[in-house]
Amino acid sequence: MTGRLEKKIALVIGAGAVGPGWGNGRAIAARFIEEGATVIGTDMDADALKETAAMIEARTGKGDAFKSLVADATDNDDLDRAIDACGEPFGRIDVLVNNVGGSAPGDVVAMSDEVWQQQMERNLGYVFRSMKRVVPLMIAQGGGAIVNLASIAALRFFGPDVAAYAASKAGLIHLSKVTAVKYAPDNVRINTVIPGLMNTPLVKERLVDERADGDAQKLIDARHRQSPTGRMGDGFDVANAVLFLASDEAKYITAAELNVDGGLSATCIAPGPIAR
């Protein structure tokens, strides 16, 4: 029995993590490889990519199916190198995953113009430019699948101090949708996965200082309580959703959003300052 991505070539932009453990990008790369794909994974941090490669080898025994490339997704030259890393040796890109992103605090008064622009580039601008480059390649080869990662912050009020993050992720959802409709006749499918509160390395490595004064357990417990399920999801919950949308099982699904949030976006409860 072959895997769902057997012999597919996938470019995962954002395959590292901010600390030890299975972040969304790492889990996506691992699940793709388990299902038969060759993955070119990018990240700005060479050490993070080395850890991704080691974790994939330990989990799958298929470390040679992961090709790492140190690259800044917001740099056009690096983006071109990442795409060339698929095109030159493999001749195609069957799946593109845009997983880079991150938040910076500030409302429209407190946030500087520079931080606003950085947030737009980090969460939305590079997605525009990656699709601009990859969609024509997919058309030429007869089709492909693109999965973009947004956030529940694009759907629900998560506090007044994530203005740029919420706006950029909402823009990503709609950019994905209109682009998907445009290129549906060319067999290029574009969908969005929307994670909710996930228990990934980001929580302990970054959010704990921003939102819980260094008390990791306090932050984790608060985030668990927010979900109707009573617990956060993890990187593999996100990865399995991305895998489905990337696979031929989703061949008639495009311009869609798949929430991976334990039902949180269906509630009227906005997370408090500690949990978002």
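Computed from a predicted structure; not experimentally measured.

Caption draft 1: Quick look at the overall build of the chain. Scanning the chain from N- to C-terminus turns up 8 helices and 7 strands. Its C-alpha atoms give the chain a radius of gyration of 18 Å, near enough to 19 Å, the size a compact globule of 276 residues would have. Within the span of the chain, comprising 276 residues, buried residues form 52% of the whole. A separation threshold of at least 6 residues defines the contact pool for the chain, and within that pool the share at least 24 residues apart is 78%. Working note: accessible area of the chain is about 12200 Å², and carbon and sulfur atoms make up 52% of it. Here the chain contributes 29 positive and 35 negative side-chain charges, whose respective centroids are spaced 5 Å apart.

Caption draft 2: Spatial organisation of helix α5 (residues 163-183). For α5, with 21 residues, the first-to-last C-alpha span of 30 Å sits near the 30 Å given by 1.5 Å per residue. Ala-164, Tyr-165, Ala-166, Ser-168, Lys-169, Leu-172, Ile-173, Ser-176, Thr-179 and Ala-180 are the residues of α5 that are buried.

Caption draft 3: Structural detail: the pattern of salt bridges. Counting across every chain of the model gives 11 salt bridges. Between Arg-133 and Asp-80 there is a salt bridge whose closest N-O contact spans 2.6 Å. Taken together, the residues span a long stretch of sequence, with Arg-133 in helix α4 (residues 113-141) and Asp-80 in helix α3 (residues 76-90) at a distance of 53 residues. Note on Asp-80: relative accessible area 30%, which makes it partly exposed.

Caption draft 4: Looking closely at the layout of surface pockets. Approximately 200 Å³ is the volume found for the second largest pocket. Along the wall of the second largest pocket there are 14 residues; nearest its centre are Lys-8, Gly-143, Gly-144, Ala-145 and Asp-248. Broken down by class, the residue content of the lining of the second largest pocket amounts to 4 nonpolar, 4 polar and 6 charged.

Caption draft 5: Spatial organisation of the pairing of strand β2 (residues 38-43). The buried fraction of β2 amounts to 6 of the 6 residues, a majority that puts the element mostly inside the structure. Crossover strand β1 (residues 9-13) to β2 through helix α1 (residues 24-34) is right-handed. In this structure, β2 lies alongside strand β3 (residues 66-70), joined through 5 bridges in parallel fashion. Following the sheet pairing, Val-39 is matched in β3 by Phe-66. At this point the chain moves from β2, through helix α2 (residues 46-60), to the parallel β3, and the crossover so formed is right-handed.

Caption draft 6: Structural context of the sheet that holds β3. The strand order β3-β2-β1-β4-β5-β6-β7 describes an open sheet built from 7 strands, whose pairing is parallel. Strands with a single pairing partner mark the edges of an open sheet, and in this sheet they are β3 and β7 (257-260). Direction aside, the axes of adjacent strands within the sheet are offset by 15° on average. When strand β6 (residues 188-195) meets β7, the two strands line up parallel, connected through 4 bridges. Residue pairing for β7: Ile-194 is matched across the bridge by Asn-259. The sheet contacts of α3 involve β1, β2 and β3, and relative to β1 the element is tilted by about 165°. Against the sheet, α5 contacts β5 (144-149), β6 and β7, and its axis sits at roughly 160° relative to β6.

Caption draft 7: Molecular detail of unusual backbone geometry. Located in the positive-phi region is Lys-7, a residue other than glycine, with phi close to 65°. Lys-7 gets classed as exposed once you look at its relative accessible area, which sits at 71%.

Caption draft 8: Structural view of the environment of Asp-80. Residues Asp-80 and Val-134, spaced 54 residues apart in sequence, show a C-alpha to C-alpha distance of 9.9 Å. Within polar-contact distance, the side chain of Asp-80 engages the side chain of Arg-133 at 2.6 Å.

Caption draft 9: Highlighting the packing of α1 against α2. Packing of α1 against α2 brings their axes to within 10 Å, and their N-to-C directions diverge by 40°. When the axis of α1 is compared with that of α2, the two are oblique. Note on packing geometry: the crossing formed by α1 with α2 is right-handed. Along its contact with α1, which presents Arg-26, Ala-29, Ala-30, Arg-31, Ile-33 and Glu-34, the element α2 presents Ala-48, Glu-51, Thr-52, Met-55, Ile-56, Arg-59 and Thr-60.

Cut-off values and rules
- Residues numbered from 1 in each chain as written.
- Predicted model: local features only at pLDDT ≥ 70, side-chain atom pairs only at ≥ 80, totals over all residues.
- Heavy atoms only, no water.
- Helix = DSSP H or I, 4+ residues; strand = E, 2+ residues; numbered from the N terminus.
- Rg over C-alpha atoms; globule rule 2.2 N^0.38 Å.
- Buried < 20%, exposed > 50% of the residue type's maximum accessible area, 1.4 Å probe, protein only.
- Contact = heavy atoms within 4.5 Å.
- Areas by Shrake-Rupley, 256 points an atom, 1.4 Å probe, with all protein chains shown as cover.
- Lys, Arg positive; Asp, Glu negative; His and termini not counted.
- Charge placed at Lys NZ, Arg CZ, Asp CG, Glu CD.
- Expected span 1.5 Å × (residues − 1).
- Salt bridge = Lys/Arg side-chain N within 4 Å of Asp/Glu carboxyl O.
- 1 Å grid on protein atoms, 1.4 Å probe; cavity = no way out; pocket = protein on both sides within 12 Å on 5 of 7 lines; lining within 4 Å.
- Points joined across faces, edges and corners; volume = space filled by probe spheres on them.
- Nonpolar A, V, L, I, M, F, W, Y, C, P; charged D, E, K, R; others polar.
- Right-handed = clockwise from strand over helix to strand, strands pointing away.
- Pairing = 2+ DSSP bridges.
- Axes fitted to C-alpha atoms, helices over the stretch in contact; angles between N-to-C directions.
- Polar contact = N/O pair within 3.5 Å; in protein donor to acceptor, adjacent residues only side chain to side chain.
- Parallel < 35°, antiparallel > 145°, perpendicular 65-115°, else oblique.
- Left-handed = near helix turned anticlockwise from the far one by under 90°.

So yeah, pure geometry; function would need other evidence.
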